[in-house]
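# Remarks on the overall topology
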Amino acid sequence: MGFFDFMTEDIAIDLGTANTLIIHNDKVVIDSPSIVARDRISGKIIAVGKEANMMQGKTHENIKTIRPLKDGVIADFDASEKMISMFIKSIPALKKRMFTPALRMVVCIPSGITEVEMRAVKESCERVNGKEVYLIHEPMAAAIGIGIDIMQPKGNMIVDIGGGTTEIAVIALGGIVCDKSVKIAGDVFTNDIVYYMRTQHNLFVGESTAEKIKIQIGASIEDLETPPEDMSVQGRDLLTGKPKQVEVSYREIAKALDKSIQRIEDAVMETLSQTPPELAADIYNTGIYLAGGGSMLRGLDKRISQKTDLPVYIAEDPLRAVVRGTGMALKNLNKFKSILIK
């Protein structure tokens, strides 16, 4: 095993609908949008990650941008495999190697995923030279990343709002006691904003612009203590067909997102109502932890707190909580053997 050990590299991957993150040697080495650009004629992948992201919505007919993951699961097997492979090849420390080393990987998957979808993730990883591939459920990884000791006989509630899915889970004794996965998350928020701009302002904006609006002035309640400045948004006027600019305030975005956030609240309430009483008692004391990019929506913690009457905490660096947890699981494989899916 000695020689083989020297040939093996450990990597942890958070394969997300919106962003893919990779940890190697305890460092986040890849943090890129999960998107590839393919040349339609040759079928070759011409760009991946940030580069491909800049092309989104600006392509001509010979280039197609693809997001290989939809709702947290692999939708385009070929593109996802190429994407993972290109990300791994661009890890600085592995570039120096003459040939691709064998990889030991831990990859996180949504908790509401089917056997078939699970196998797709596994096979994708095996085809990029993954010799040992372990899978871990996202809320589990998020909990480890937040710094919760998940092996304790104590209940903790995690709400992980990603790009494609929102994962809600109550965790105790190193297992998920009750969970719910809803397909309302960052992507839906973005589409809500596109729809709102169209119906309220007669302005047609692209997905990338809507995403920018969400990040810059996105909010989930209409009275924030420290409101962001209004934002100028450019797009196409649906009436005249001319490009135009409008001013948008965070209050409008809160209105636009209200319905979707309500559905996330409902899912949280439903999960709480299925929680065994002893764990509910724990959660009353520990509160709810938010992770994932969606948790950065202004005022969301306050809103969920008002709905549930529980304290709500946002993980530090919520975008990386899941990959951090995945990395810790990889480092302490023996400790977390029981929660990893081989």
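Residues numbered from 1 in each chain as written. Predicted model: local features only at pLDDT ≥ 70, side-chain atom pairs only at ≥ 80, totals over all residues. Heavy atoms only, no water.

## Describing the UniProt feature "binding site: ATP" (unreviewed entry) in the protein
Mapped onto this structure's residue numbering, the UniProt feature "binding site: ATP" (unreviewed entry) falls at Thr-17, Ala-18, Asn-19, Gly-163, Gly-164, Thr-165, Glu-211, Lys-212, Ile-213 and Lys-214. Cross-referencing the annotated residues with the second largest pocket identifies Thr-17, Gly-163, Gly-164 and Glu-211 as lining it. Tracing the sequence through the fold places Gly-163 in the loop between β11 (156-161) and β12 (166-172). A residue is classified by how much of its surface remains accessible, and Gly-163, at 15% relative accessible area, is buried. (UniProt positions renumbered as here; feature names shortened; annotations may be inferred. 1 Å grid on protein atoms, 1.4 Å probe; cavity = no way out; pocket = protein on both sides within 12 Å on 5 of 7 lines; lining within 4 Å. Helix = DSSP H or I, 4+ residues; strand = E, 2+ residues; numbered from the N terminus. Buried < 20%, exposed > 50% of the residue type's maximum accessible area, 1.4 Å probe, protein only.)

## Section: the sheet that holds β12
Pairing is mixed across the open sheet formed by 5 strands, whose spatial order is β13-β12-β11-β17-β18. Here the strands that pair on one side only, and so sit at the sheet edges, are β13 (175-182) and β18 (312-314). Across the sheet, the mean angle from the axis of one strand to that of its neighbour is 20°, orientation sign disregarded. Bridge count between strand β17 (residues 288-291) and β18: 3 bridges; the pairing is parallel. Its bridge partner lying in β18, Tyr-289 is registered against Tyr-313. Against the sheet, helix α6 (residues 138-146) touches β11, β12, β13 and β17, its axis set at about 65° to β12. (Pairing = 2+ DSSP bridges. Axes fitted to C-alpha atoms, helices over the stretch in contact; angles between N-to-C directions. Contact = heavy atoms within 4.5 Å.)

## Let's talk about unusual backbone geometry
Notably, Asn-202 is not glycine yet its phi reads approximately 50°, a positive angle. Of note, Asn-202 is situated in the loop between α7 (186-201) and β14 (203-204). The phi dihedral of Asp-317 falls on the positive side, at around 50°, and the residue is not glycine. Counting through the fold element by element, Asp-317 comes out in the loop between β18 and α12 (321-331).

## What to know about the pattern of salt bridges
Under the criterion given, the structure shown has 16 salt bridges. The residue Asp-10 makes a salt bridge to Arg-104 at a minimum N-O spacing of 2.8 Å. Placement of Asp-10 in strand β1 (residues 8-15) and of Arg-104 in strand β9 (residues 102-109) is noted, with a sequence separation of 94 residues between them. On the basis of relative accessibility, which here comes to 25%, the residue Arg-104 falls in the partly exposed class. Glu-265 is the partner of Arg-303 in a salt bridge, and the nearest nitrogen-oxygen pair spans 3.0 Å. With a gap of 38 residues between them, Arg-303 in helix α11 (residues 300-308) and Glu-265 in helix α9 (residues 250-273) connect regions that are remote in the sequence. Accessibility expressed as a relative area gives 10% for Arg-303, which makes it buried. One connected set of salt bridges, linked through shared partners, spans Arg-38, Asp-78 and Lys-82. (Salt bridge = Lys/Arg side-chain N within 4 Å of Asp/Glu carboxyl O.)

## Observations regarding the domain arrangement of the protein
One can read the domain layout of the protein as domain 1 (148-184 + 259-318) and domain 2 (186-256). Measuring from the centre of the C-alpha atoms in domain 1 to the corresponding centre in domain 2 gives 27 Å. Counting from both sides, the interface comprises 15 residues of domain 1 and, opposite them, 17 residues of domain 2. Three residues stand out in domain 1 for area buried against domain 2, namely Leu-297, Arg-298 and Lys-302, and they jointly supply 45% of the buried area on that side. At the junction of domain 1 with domain 2, the criterion picks out 1 salt bridge. The residue Glu-225 makes a salt bridge to Lys-302 at a minimum N-O spacing of 3.7 Å. The interface formed by domain 1 and domain 2 contains 11 residue pairs in polar contact (both at pLDDT 80 or more). Secondary structure elements with two or more residues in the side of domain 1 that touches domain 2: α9 and α11. Tallied by class, the residues present in the side of domain 1 that touches domain 2 amount to 6 nonpolar, 5 polar and 4 charged. (Domains from an automatic or database assignment. Buried area = accessible area lost by both parts, 1.4 Å probe. Polar contact = N/O pair within 3.5 Å; in protein donor to acceptor, adjacent residues only side chain to side chain. Nonpolar A, V, L, I, M, F, W, Y, C, P; charged D, E, K, R; others polar.)

## Points about the sheet that holds strand β5 (residues 45-48)
Note on sheets: strands pair through backbone hydrogen bonds, and any given pair is parallel or antiparallel. Read across the sheet, 3 strands follow the order β5-β4-β6 without closing on themselves; strand pairing throughout is antiparallel. Since the sheet does not close on itself, it has two edges, and those belong to β5 and β6 (63-66), each with one partner. For this sheet, the mean inter-axis angle between neighbouring strands, taken without regard to orientation, is 20°. As defined by bridge partners, strand β4 (residues 36-39) adjoins β6 across 4 bridges and the pair is classed as antiparallel. By the bridge assignment for β6, Val-36 is matched with Ile-66.

## Observations regarding the pairing of β9
Within β9, 7 of the 8 residues are buried, which leaves the element mostly enclosed by the surrounding structure. Pairing analysis gives 7 bridges linking β1 to β9, with the strands arranged parallel. Bridged to Thr-8 within β9 is Ala-102. Relative to strand β10 (residues 130-137), β9 runs parallel, the two being bridged by 7 bridges. Looking across to β10, one finds that Met-105 is bridged to Val-133. The β-α-β motif built from β9, the intervening helix α5 (residues 115-127) and the parallel element β10 has right-handed crossover chirality. (Right-handed = clockwise from strand over helix to strand, strands pointing away.)

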